[in-house]
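Structure at a glance
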Amino acid sequence: MAVKSATTNWRQVVLVCRKCSKKLDGGFGPEGDKSLKKALRKYLKAGKGKKAELVVKETDCFDICPKKAVVAVNAANPKALLIVPAGADLFEVKARLGLHDDRRLKAGPSHELI
């Protein structure tokens, strides 16, 4: 069988450890009831499938296995694995993953303007 290829519109890919997410069973989002993958997808307005420009995908274990945290990485920078504790601010996670968009942080009681 010949090797085939498929094209995508992906510009940014975030990989999230499936095993860490399963162990943690939530911990992210406004109410702390979402997995990191689901919370990031919603916050970053990421899509699904080949037509999306930004995707958040679960992957197999990174063999770090932190307690009460999930490992994530921007596929464009595989040397920088990010250990995201439960309840982490998604704006900071986005910044630490090196993801950029045109939105700005809204001023609020628990946020600083950057």
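Cut-offs applied
- Residues numbered from 1 in each chain as written.
- Predicted model: local features only at pLDDT ≥ 70, side-chain atom pairs only at ≥ 80, totals over all residues.
- Heavy atoms only, no water.
- Helix = DSSP H or I, 4+ residues; strand = E, 2+ residues; numbered from the N terminus.
- Buried < 20%, exposed > 50% of the residue type's maximum accessible area, 1.4 Å probe, protein only.
- Contact = heavy atoms within 4.5 Å.
- Areas by Shrake-Rupley, 256 points an atom, 1.4 Å probe, with all protein chains shown as cover.
- Polar contact = N/O pair within 3.5 Å; in protein donor to acceptor, adjacent residues only side chain to side chain.
- pLDDT = per-residue confidence, 0-100.
- Core = buried A, V, L, I, M, F, W, Y, C linked by side-chain atoms within 4.5 Å.
- Salt bridge = Lys/Arg side-chain N within 4 Å of Asp/Glu carboxyl O.
- Pairing = 2+ DSSP bridges.

Quick notes on the overall build of the chain
The helix and strand inventory of the chain stands at three helices and four strands. Scanning the chain from its N terminus toward the C terminus, one meets helices and strands in the order β-α-α-β-β-β-α. Burial statistics for the chain: of 114 residues in total, 32% are counted as buried. Intrachain contacts of the chain at a sequence separation of at least 6 include 59% that bridge at least 24 residues. Just so you have it, the chain exposes about 8300 Å², and 51% of that area is on carbon and sulfur atoms.

Digging into the side chain of Asn74
In this structure, Asn74 sits in strand β3 (residues 69–74). In this structure the side chain of Asn74 is engaged in a polar contact, spanning 2.9 Å, whose partner is the backbone oxygen of Leu97. In this structure Asn74 touches Val13, Leu97, Gly98 and Leu99, once residues within four positions along its chain are discounted.

Structural notes on the confidence of the model for the chain
Per-residue pLDDT for the chain has a mean of 88; in total, 88% of the residues score no lower than 70. Scored below 50 in pLDDT, residues 110–114 shows seven contacts in the model against residues more than four places distant or in partner chains.

What about the nonpolar core?
Across soluble globular proteins, you tend to see nonpolar side chains buried next to one another. By size, the foremost hydrophobic cluster in this structure holds 21 residues, and its most contacted members are Val14, Val16, Leu36, Leu40, Val56, Val84 and Leu97. At the level of elements, β1 (12–17), α2 (36–44), β2 (54–59), β3, β4 (82–85) and α3 (90–96) are the ones that each hand at least two residues to this core. It is α2 that provides the largest number of residues to this core, a total of four residues. Excluding anything up to four places from it in sequence, Val16 contacts Ser21, Leu36, Lys37, Val56, Lys57, Glu58, Thr59, Phe62, Val70, Val71 and Ala72.

Observations regarding the side chain of Ser35
By the element assignment, Ser35 lies in the loop between α1 (18–24) and α2. Take Ser35: its relative accessible area is 17%, and that puts it in the buried class.

Side note on the pattern of salt bridges
Note on pairing: side chains with opposite charge can pair once their charged atoms come close. Scanning all chains against the criterion turns up three salt bridges. Linking Glu58 and Arg18 is a salt bridge whose minimum nitrogen-to-oxygen distance equals 4.0 Å. One end of the pair, Glu58, is in strand β2; the other, Arg18, is in helix α1, with 40 residues separating them in the sequence. Overall, the relative accessible area of 25% leaves Glu58 in the partly exposed class. Of the charged contacts, one joins Arg18 and Asp60 as a salt bridge, the two residues approaching to 2.9 Å between their closest N and O atoms.

What about the pairing of β4?
Only one face of β4 is buried: it carries Leu82 and Val84, and the other face, with Ile83 and Pro85, is open. One ladder, built from four bridges, connects β3 with β4; its direction is antiparallel. Looking across to β4, one finds that Ala72 is bridged to Leu82.

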